[in-house]
Amino acid sequence: MPRKDPATARITQLLVAWSGGRREALDDLLPLVYDELRRLAARYLRHEPLDHTLQPTALVHEAYMRLVDQRRVRWRNRAHFYGVAAQMMRRILVDHARAHKAEKRGAGWERVPLIEDEMPGGTGAVDVLALDEALERLAALDPQQERIVELRYFGGLTIDEVAEVVGLSAAPVVRERTIAKSWSRTELTE
């Protein structure tokens, strides 16, 4: 069995301490998770036009503020934390796209390109609102597949980390992700 990275173990310790009511653990946690959250945010936004109003730092800060407000979460480990962060970033991106679309007063969909590598619909730009709607339809059919796509796509978690969060081994996660990506690709191209 491979040894755990000391930084991963430290993050897990701090999350458990924070869940247990040690507020100062949150202060120690931020420097350990900030760079990874920033890297994820930058991946989401790297193909945005120069005049795009949401920047990676703003996305990280908004997600972190929402994470701090999670008072009833019993953090299990690093992967669980990044899984919840993925949900937060997804909601922020969707809210931002909706607000931007509303500002345009009925103009066409705002295209928000995200990570090509994990794109359910293939490579290229994807409308974050269309993706969110497709994931909501997928959740109605198979919540686990939707969660796997969300964790990989919005959370940037590895297959092993996704497996840990959803309580499966890696092979079923890969299988479910493949099915979900195929379904999503069809949904997004229609």
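Calculation rules
- Residues numbered from 1 in each chain as written.
- Predicted model: local features only at pLDDT ≥ 70, side-chain atom pairs only at ≥ 80, totals over all residues.
- Heavy atoms only, no water.
- Helix = DSSP H or I, 4+ residues; strand = E, 2+ residues; numbered from the N terminus.
- Buried < 20%, exposed > 50% of the residue type's maximum accessible area, 1.4 Å probe, protein only.
- Contact = heavy atoms within 4.5 Å.
- Core = buried A, V, L, I, M, F, W, Y, C linked by side-chain atoms within 4.5 Å.
- Polar contact = N/O pair within 3.5 Å; in protein donor to acceptor, adjacent residues only side chain to side chain.
- pLDDT = per-residue confidence, 0-100.

(A) Structural context of the overall build of the chain. Helix and strand content of the chain: 8 helices and 0 strands. When the helices and strands of the chain are listed from N to C terminus, the series reads α-α-α-α-α-α-α-α. Each of the 190 residues in the chain was classed as buried or not, and the buried ones make up 48%. Counting only contacts in the chain whose residues sit at least 6 apart along the sequence, the fraction spanning at least 24 positions is 62%.

(B) Just the nonpolar core, in detail. Formed by 52 residues in total, the largest nonpolar core has its most connected members in Leu29, Leu37, Leu59 and Phe81. For this core, the secondary-structure elements that each account for two or more residues are helix H1 (6-19), helix H2 (24-45), helix H3 (56-68), helix H4 (78-103), helix H5 (128-141), helix H6 (143-153), helix H7 (159-166) and helix H8 (170-189). If near-sequence neighbours (up to four positions away) are discounted, Phe81 is found in contact with Leu15, Trp18, Leu29, Val33, Leu37, Leu67 and Trp75.

(C) Here's a closer look at the side chain of Glu150. Within the secondary structure, Glu150 sits in helix H6. Polar side-chain contacts of Glu150 include one of 2.9 Å to the side chain of Arg147. Look past the residues within four positions of Glu150 in its chain and what remains in contact with it is Ala86, Gln87, Arg90 and Gly155.

(D) Broad picture of the confidence of the model for the chain. For the chain, per-residue confidence averages 79 on the pLDDT scale, and 81% of positions sit at 70 or higher. Taken as a whole, residues 109-123 scores under 50 in pLDDT and shows 57 contacts with residues more than four places along the chain or in a different chain.

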